[in-house]
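# Structural features, examined
Chain residues, written in single-letter form:
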Amino acid sequence: MWSGQPHPDEGHPPPLEAAPVPWKSLGPCKSHRESPGGLAETPGGEEAQGVEGPAATRLDVSRLRSSSMEIREKGSEFLREELHKAQKELKLKDEECERLSKVREQLEQELEELTASLFEEAHKMVREANMKQAASEKQLEEARGKIDMLQAEVTALKTLVITSTPASPNRELHPQLLSSTKAGPRKGHLRHKSTSSALCPAVCPAAGHALTPDKEGKEVDATLFAEFQAWKESPTLDKTCPFLERVYREDVGPCLDFTMQELSTLVRAAVEDNRLTIEPVASQTLPAVKVAAIECGRTNTCALSGLVCACRHRIRLGDSESHYYISPSSRARITAVCNFFTYIRYIQQGLVRQDAEPMFWEITRLRKEMSLAKLGFFPQEA
């Protein structure tokens, strides 16, 4: 029977079947777009697809390889950039650490130097404080000695000046004011009232007025009084004026002329400049005291006369640290000269409110003390 369809056993080739190929379709084929639905063209299109499959596969593989290479290169480049950035940051951190280390070392060094300077400054302040304390104690001791001397001078000045007022004159400074009962004639020797007018008073040529002779046997020397009055008009401590030149020559010079000439010159200059200090020394401290070389190495040797005796006083010249032990006789001679200079300084400063004659007799008394001290007379100490 004829069915109208070719049989395969009749010699016709079997129809081609497309083998499955694992490749990705990139889109519809052109032949399909141009002839949609034709059965005759379908086997031809499948054959073309079968031919193009391996080439497309190789293309995809090459694309994948190129894309992977590109990704790898980009990844490598990114990693290199990150590594470079990390190295740069690490380098900056190393530099910062090094800088901080240097700052720390510098701070430690400055701290050590500051500590050392603070300790040195503290020690220096302690030394200065100790030195100032010692100097203050020394000044306090000197001030106390000067206060004692000034108090003694003020007491003497009050006795000489303040107590001698017109209302209540000091009769020791004004012998002419003594009571007639004390200065009158002795019993058995009556004197007529008119005999007082027969006395010839001493006249001072320079002053131009009469001087009353002292009732105890003293009389004013006209030459000395004229020199004193000329000096009193313009008081000065210049040794070239006639009044002081005579006192220096007759009293001050011989009174301060000791055996030790070098120390005598220093003592005289200190007395003239009012820089000499006389200090009492306790008797129990004498054996242990170390004095200057001028004392010949012996505690009981007078530094001025060189005599071996009990030295209860010592002198200091100005701000010198050296002390010189002196005998009672040497002390009396120095004290007599100091009393004279003290009184004439009071006159120069205008502290003595007296007439010329009482001043002159007080100066004469001080000169008498210098003469007696030079001869070896001095008051005994208690």
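Keep in mind that what you see is a predicted model, and the values were worked out from it rather than measured.

### Brief notes about the overall build of the chain
A count of helical and extended segments in the chain gives eight helices and five strands. Counted from the first residue to the last, the chain has its helices and strands arranged as α-α-α-β-β-α-α-α-β-β-β-α-α. Looking at the 382 residues of the chain, the share that counts as buried comes to 24%. A separation threshold of at least 6 residues defines the contact pool for the chain, and within that pool the share at least 24 residues apart is 61%. Of the accessible surface of the chain, which amounts to about 27900 Å², a share of 57% is contributed by carbon and sulfur atoms.

### A short note on the pattern of salt bridges
Under the counting rule described, the total for this entry stands at 18 salt bridges. Here Lys138 and Glu321 are joined by a salt bridge, their closest N and O atoms 1.9 Å apart. You can see Lys138 sitting in helix H2 (residues 42-162) and its partner Glu321 sitting in the loop between strand E4 (313-317) and strand E5 (324-326), a full 183 residues away along the chain. Residue class for Lys138 comes out partly exposed when judged on its relative accessible area of 30%. When its relative accessible area of 54% is taken as the criterion, Glu321 is described as exposed. The closest approach of N and O atoms between Arg367 and Asp251, which form a salt bridge, is 2.4 Å. Taken together, the positions of Arg367 in helix H8 (residues 356-374) and Asp251 in helix H5 (residues 242-255) put the pair 116 residues apart, joining distant regions of the chain. Salt bridges here are not isolated pairs; linked through shared partners, they connect Glu227, Glu245, Arg246, Arg249, Glu250, Asp251 and Arg367.

### Overview of a nonpolar patch on the surface
A contiguous nonpolar surface patch, about 330 Å² in accessible area, is contributed by Leu372, Leu375 and Phe377. Residue class for Leu372 comes out partly exposed when judged on its relative accessible area of 35%.

### Things to note about the confidence of the model for the chain
Low pLDDT means the predicted atomic positions in that stretch should not be read closely. Across the chain, the average pLDDT comes to 75, with 66% of residues at 70 or higher. Per-residue pLDDT, averaged within each element of the chain, yields its smallest value for strand E1 (residues 202-204) (39) and its largest for H5 (94). Contacts for the low-pLDDT stretch residues 1-13, under 50 throughout, to residues beyond four places or in other chains number two contacts.

### A look at helix H6 (residues 261-272)
The end-to-end C-alpha separation of H6 is 17 Å, in line with the 16 Å expected for 12 residues at 1.5 Å each. Those residues of H6 not exposed but buried are Leu263, Ser264, Val267, Ala270 and Val271. Projected down its long axis, H6 shows its buried positions confined to an angular sector of 130 degrees, all on one face. Exposed and oriented more than 90 degrees from the buried face of H6 are Glu262 and Thr265. Taken together, the buried residues of H6 touch strand E3 (276-280), E4, E5 and helix H7 (328-348). One or two steps after H6, the chain reaches Asn274, where phi turns positive at roughly 60 degrees.

### Focus: a negative patch on the surface
A contiguous patch of negative charge, built from Glu73, Glu77, Glu81, Glu82 and Glu89, is present on the exposed surface. As for its position among the elements, Glu81 is in helix H2.

### Regarding the packing of aromatic side chains
One pass over the full model with this rule turns up eight aromatic pairs. Considering the side-chain rings of Phe225 and Phe360, the 5.3 Å spacing of their centres and the 80 degrees angle between planes classify their relative orientation as edge-to-face. With Phe225 in helix H4 (residues 222-233) and Phe360 in helix H8, this pair connects stretches of sequence that are 135 residues apart. Look at Trp231 and Phe243: their rings are 5.3 Å apart centre to centre, the planes differ by 40 degrees, and that puts the pair in the tilted class.

### Section: the environment of Arg331
Looking at the element boundaries, Arg331 is found in helix H7. Taking the C-alpha atoms as reference points, Arg331 and Ala373, separated by 42 residues in sequence, lie 9.2 Å from one another.

### A few points about the nonpolar core
Side chains of nonpolar character tend, in soluble globular proteins, to be buried together. One finds Val252, Val267, Ile334 and Phe340 to be the most contacted residues of the largest nonpolar core, which totals 47 residues. Elements represented by at least two residues in this core include exactly H4, H5, H6, E4, E5, H7 and H8. For this core, the leading source of residues is H7, giving nine residues.

Criteria and thresholds
Residues numbered from 1 in each chain as written. Predicted model: local features only at pLDDT ≥ 70, side-chain atom pairs only at ≥ 80, totals over all residues. Heavy atoms only, no water. Helix = DSSP H or I, 4+ residues; strand = E, 2+ residues; numbered from the N terminus. Buried < 20%, exposed > 50% of the residue type's maximum accessible area, 1.4 Å probe, protein only. Contact = heavy atoms within 4.5 Å. Areas by Shrake-Rupley, 256 points an atom, 1.4 Å probe, with all protein chains shown as cover. Salt bridge = Lys/Arg side-chain N within 4 Å of Asp/Glu carboxyl O. Patch = residues over 30% accessible without salt bridge, like charges linked within 9 Å, V, L, I, M, F, W, Y side chains within 5 Å. pLDDT = per-residue confidence, 0-100. Expected span 1.5 Å × (residues − 1). Arc of directions from axis to C-beta. Lys, Arg positive; Asp, Glu negative; His and termini not counted. Charge placed at Lys NZ, Arg CZ, Asp CG, Glu CD. Phe/Tyr/Trp six-rings, centres within 6.5 Å; stacked < 30°, edge-to-face > 60°. Core = buried A, V, L, I, M, F, W, Y, C linked by side-chain atoms within 4.5 Å.

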